[in-house]
Amino acid sequence: MSHAAPRPSPTPHGLGYLATVVESARQTCLLLLPNRFLWFVAAAELGLAAIGYLLAGYPNLRLDGRELYCVMAWWLLAGVVVPWTTIYLAVQAVHGEIEDRTFQYLFVRPVARTALVAGRFCAVAGIAAAVAVAGGAVLFAGVAARPDCWSEGVDTRLLAVFAGTLALGAVAYAAAGACIAACFRRPLVVAALAVILQMVVALLPMSAGIRNLTVADPLRRIVLDRIETGARLAQMLWPGESDFRSELVGQPELSLGIFTAVASILCLWAYGRSEYDSRSRE
């Protein structure tokens, strides 16, 4: 009596590339959003808004509301909150699994490594951009709550300019942070040095080619190009350039796009090809 050969069980199929990116981004958001660090950042942004409100009501303040908002949004949000927050989130999202060995489970799954890290980058960029825009909005609300401080009336266009600029900066810093996390064994140390170095380069009177290698300098040129700055405000935002001229703006969006693309490609290449080992968490 003959027996029919058993039918082979269906071969399990992994998610497609795009679906893997989306799922990786979703899981990364679920991992990062409960992080207490984000609550600390939110409190810091509310604190900056309170400081802006108090300074705007200070009778001997030599800045009007427009100058006060631009200075605080640039030096405190774009210069401190956005880069450090984004870099930290990127390192946690990309390098955290390498430190606790969970990458060993992920890398044996039938999914592309590059899709995993692309999803993490998207999640970090989205969260960091939302944090940046929220910071710009609450700071603007704090300064705008003192309308008497604005010599020409509250300029709501500043909010749109800085919201867009801070969001672009968050995406660029997310790419840089993911690249550093994928390439180095101690990414937080390397990332901290990189942020400090690019801030120094952006401040010093160096060549335009060197400044284009940073995130801060293209962001500053975007701000100066999109708002109407007098010589006084331009000097506050760009102290290294004593005579700001419109031709100095150049093409900051292109510079920022090239930086982000190069950092993203390096991140995908390193994460997809490197052999990682674990170590104790920092």
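Residues numbered from 1 in each chain as written. Predicted model: local features only at pLDDT ≥ 70, side-chain atom pairs only at ≥ 80, totals over all residues. Heavy atoms only, no water.

Before going further, it helps to examine the environment of Ala93. By the secondary structure assignment, Ala93 is in helix H3 (residues 65-99). With residues near it in sequence (within four places) discarded, Ala93 still touches Thr28, Leu32, Arg120 and Val124. (Helix = DSSP H or I, 4+ residues; strand = E, 2+ residues; numbered from the N terminus. Contact = heavy atoms within 4.5 Å.)

In this section: the pattern of salt bridges. In total, this model carries six salt bridges according to the counting rule given. When the shortest N-O distance is used, the salt bridge between Arg66 and Asp155 registers 3.4 Å. Residue Arg66 is located in helix H3, and its partner Asp155 is located in the loop between helix H5 (113-144) and helix H6 (157-183); the two are separated by 89 residues in the primary sequence. A salt bridge links Glu67 to Arg232; the shortest N-O distance between them is 2.9 Å. Here Glu67 is found in helix H3, whereas its partner Arg232 is found in helix H10 (residues 231-237), with 165 residues between them in sequence. What emerges from the salt-bridge pattern is a single network uniting Asp217, Arg220 and Arg221. (Salt bridge = Lys/Arg side-chain N within 4 Å of Asp/Glu carboxyl O.)

Overall, the coordinates contain zero disulfides when judged by the stated rule. Just so you know, Cys122 is unpaired, no disulfide at all, and the nearest cysteine sulfur is the one on Cys29, 9.5 Å from it. Residue class for Cys122 comes out partly exposed when judged on its relative accessible area of 42%. There is no disulfide at Cys179, and the cysteine sulfur nearest it, in Cys183, is 4.1 Å away. (Disulfide = S-S within 2.5 Å. Buried < 20%, exposed > 50% of the residue type's maximum accessible area, 1.4 Å probe, protein only.)

So, on to the packing of H6 against helix H7 (residues 187-203). The interhelical angle for the contact between H6 and H7, taken along N-to-C directions, is 140°, at an axis separation of 9 Å. When the axes of H6 and H7 are compared, the pair comes out oblique. Here the hand of the crossing between H6 and H7 comes out right-handed. Contacts from Tyr173, Ile180 and Ala181 in H6 reach Pro187, Val190, Ala191, Ala194 and Gln198 in H7. Partitioning the contact of H6 with H7 into residue classes produces seven nonpolar, one polar and no charged. (Axes fitted to C-alpha atoms, helices over the stretch in contact; angles between N-to-C directions. Parallel < 35°, antiparallel > 145°, perpendicular 65-115°, else oblique. Left-handed = near helix turned anticlockwise from the far one by under 90°. Nonpolar A, V, L, I, M, F, W, Y, C, P; charged D, E, K, R; others polar.)

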